[in-house]
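Chain residues, written in single-letter form:
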Amino acid sequence: MILDLDFRSRKATVHRSYYHQPPLESPTQGNTQALSNGNEFIGWGQSPYYSE
């Protein structure tokens, strides 16, 4: 999940979210990196999976 943060109003809104197929649960440590071709590289945290 990528959030847009508005510090003045102290609000966060979802900008974009990603889902793994089949669904998996990974409660912590996920990350994403923007790639030069416009794609995203996603690490699914505690679960040993990566996606582009």
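Summarised in this report is the structure supplied together with it. (Residues numbered from 1 in each chain as written. Predicted model: local features only at pLDDT ≥ 70, side-chain atom pairs only at ≥ 80, totals over all residues. Heavy atoms only, no water.)

### Comments concerning the side chain of histidine 20
Applicable threshold: Secondary structure elements follow DSSP: runs of H or I of four or more residues count as helices, runs of E of two or more count as strands, with numbering from the N terminus. What qualifies as a polar contact is a pair of N or O atoms within 3.5 Å, subject to a donor-acceptor requirement within protein and to the restriction that residues adjacent in sequence count only when both atoms come from side chains. Only heavy atoms enter the contact rule, under which two residues are in contact if any of them lie within 4.5 Å.
Inspection of the secondary structure puts histidine 20 in the loop between strand E2 (11-16) and strand E3 (31-34). Only 2.7 Å separates the side chain of histidine 20 from the backbone oxygen of proline 22, close enough to count as a polar contact. With residues up to four places along the chain from it excluded, the contact list for histidine 20 reads Trp44, Tyr49 and Ser51.

### With respect to the packing of aromatic side chains
Test applied: Each Phe, Tyr or Trp ring (for Trp, its six-membered ring) is paired with any other whose centre lies within 6.5 Å, and the angle between the two planes then decides the class: stacked below 30 degrees, edge-to-face above 60, tilted in between. Buried, partly exposed and exposed residues are distinguished by accessible area as a fraction of the type maximum, computed with a 1.4 Å probe on protein chains only: under 20%, between the cut-offs, and over 50%, respectively.
This model, assessed by the stated rule, comprises one aromatic pair. With 5.7 Å between their ring centres and 15° between their planes, phenylalanine 41 and tyrosine 50 make a pair best called stacked. On the basis of relative accessibility, which here comes to 34%, the residue phenylalanine 41 falls in the partly exposed class.

### What about the pairing of strand E4 (residues 40-43)?
Note the following rule: Only strands that DSSP links by at least two bridges are regarded as paired with each other.
Where E3 and E4 come together, four bridges link them in antiparallel fashion. Counted as the bridge partner of glutamine 33 is phenylalanine 41 from E4. Pairing of E4 with strand E5 (residues 50-51), which is carried by two bridges, proceeds in the antiparallel orientation. When the bridges of E5 are listed, glycine 43 appears paired with tyrosine 50. What sits between the antiparallel neighbours E4 and E5 is a turn of six residues, in which glycine 45 has the positive phi angle 70°.

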